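# Architecture at a glance
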Amino acid sequence: MVKFVSTNYRSPLLNKPTIDTDAELLDRMSRDDQMAFKELYKRHWKRCYLQVLRRSGDPMLAEDLIQSVFITLWEKRSSLAISNISGYLFSAVRFQFITHLKNQLHKENYTAHVLSSREYAGNEAEVSLRIKELNEAVDKGVALMPAKTKAVYILSRIEHYSVKEIAHKLDLSEKAVEYHITKSLKTLRLALKNFLIIALLFKIFN
């Protein structure tokens with residue numbers, strides 16, 4: 001949003017429109033300024049939309065998830081402490097997309113046959129054994145990954161680096177990093193096909 005700053009006196013050379021920074025817009029939004037929110041949306045929606053579209057190939061899903069992220073941003077405007085709106089939105093969109101994938105996997109292919117079944121209810125030893133088997137399956141899945149994919153997976157999922165940080169560290173483009181993350185998760189899904197419900201519950205894919 002463009003605005004003109006008025007003072008008692010301003011040199012004609014300095015009488016230029018100023019553009020609010022994201023930080024200024026966030027501050028205004030926290031004080032219920034809808035125009036500031038709309039400006040943040042205009043600046044950032046397309047990058048968020050493409051982030052989902054690249055991973056899902058589904059324009060409608062991308063629109064739905066982005067709408068959900070920005071609605072949450074507005075609803076929590078007075079309580080959120082955001083220093084970097086781009087980083088916040090990237091993480092929020094990523095979380096929404098992963099949550100969607102988990103829900104789809106649960107609905108389409110799996111039932112809670114381990115933790116919710118009577119066979120394992122209250123059987124702590126059996127659950128511990130299944131978790132041990134799960135960890136072994138994860139290790140085998142990681143071992144199956146190509147070297148570059150494995151390096152990206154470890155930095156992303158174990159050491160919690162951001163996509164940008166991984167790109168810089170491994171001298172890759174951010175798009176390449178996202179590709180390797182997606183590839184690593186596909187490899188793990190295959191390795192964990194018999195353990196996916198536990199994997200989801202214990203946030204292996206977070």
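Here the structure is shown first, and the text comes after it.
Reading the values: rules and limits
Residues numbered from 1 in each chain as written. Predicted model: local features only at pLDDT ≥ 70, side-chain atom pairs only at ≥ 80, totals over all residues. Heavy atoms only, no water. Core = buried A, V, L, I, M, F, W, Y, C linked by side-chain atoms within 4.5 Å. Buried < 20%, exposed > 50% of the residue type's maximum accessible area, 1.4 Å probe, protein only. Helix = DSSP H or I, 4+ residues; strand = E, 2+ residues; numbered from the N terminus. Salt bridge = Lys/Arg side-chain N within 4 Å of Asp/Glu carboxyl O. Phe/Tyr/Trp six-rings, centres within 6.5 Å; stacked < 30°, edge-to-face > 60°. Lys NZ or Arg CZ within 6 Å of the ring centre and 35° of its normal. 1 Å grid on protein atoms, 1.4 Å probe; cavity = no way out; pocket = protein on both sides within 12 Å on 5 of 7 lines; lining within 4 Å. Points joined across faces, edges and corners; volume = space filled by probe spheres on them. Nonpolar A, V, L, I, M, F, W, Y, C, P; charged D, E, K, R; others polar.

In this section: the nonpolar core. Residues M29, V52, I66 and F70 are the most contacted members of the largest nonpolar core, which totals 21 residues. Per element, the largest residue contribution to this core is seven residues, and it comes from helix α3 (residues 59–75). One finds F90, L155, V163 and A167 within the second-largest nonpolar core, a separate group that totals nine residues.

In this section: the pattern of salt bridges. In total, this model carries eight salt bridges according to the counting rule given. A salt bridge links D32 to R77; the shortest N-O distance between them is 2.7 Å. In this pair, D32 is assigned in the loop between α1 (22–30) and α2 (34–56) and R77 in the loop between α3 and α4 (85–109), connecting sequence segments 45 residues apart. Beyond isolated ion pairs, a larger network of salt bridges with shared partners links D22, E39, K42 and R43.

Here we take up the packing of aromatic side chains. The final tally for this structure, using the stated rule, is five aromatic pairs. Relative to W45, the ring of Y41 lies with its centre 6.5 Å away and its plane at 15°, an arrangement referred to as stacked. A residue pair is termed a helical-turn pair when its members lie 3 or 4 positions apart in one helix, as Y41 and W45 do in helix α2 at four residues. With a centroid separation of 4.9 Å and 75° between ring planes, the pair formed by Y41 and F70 is classed as edge-to-face. Highlighted residues: Y41 in helix α2 and F70 in helix α3, separated in sequence by 29 residues. A residue is classified by how much of its surface remains accessible, and Y41, at 35% relative accessible area, is partly exposed. An aromatic cluster of three or more residues is present, and its members are F37, Y41, W45, Y49, F70 and W74. The ring of W74 has R77 sitting right over it, with the charged end atom 3.9 Å from the ring centre.

What follows concerns the layout of surface pockets. Size it by volume and the largest pocket reaches roughly 540 Å³. Contributing to the lining of the largest pocket are 22 residues, with F90, S91, S162, V163 and K164 lying nearest its centre. Elements that contribute at least two residues to the lining of the largest pocket include exactly α2, α4, α6 (147–158), α7 (163–170) and α8 (174–191). Element by element, the count of residues in the lining of the largest pocket is highest for α4, at five residues. For the lining of the largest pocket, the per-class residue count stands at six nonpolar, nine polar and seven charged. What the second largest pocket holds in volume is close to 240 Å³. As for the second largest pocket, its lining consists of R55, R94, F97, I98, L101, R157, I181, T182, L185, K186 and R189. For the lining of the second largest pocket, the elements supplying multiple residues, two or more each, are α4 and α8. Among the elements that make up the lining of the second largest pocket, the one with the highest residue count is α8 (five residues). Tallied by class, residues from the lining of the second largest pocket come to five nonpolar, one polar and five charged.

Spatial relationships are all this shows, so hold off on functional conclusions.
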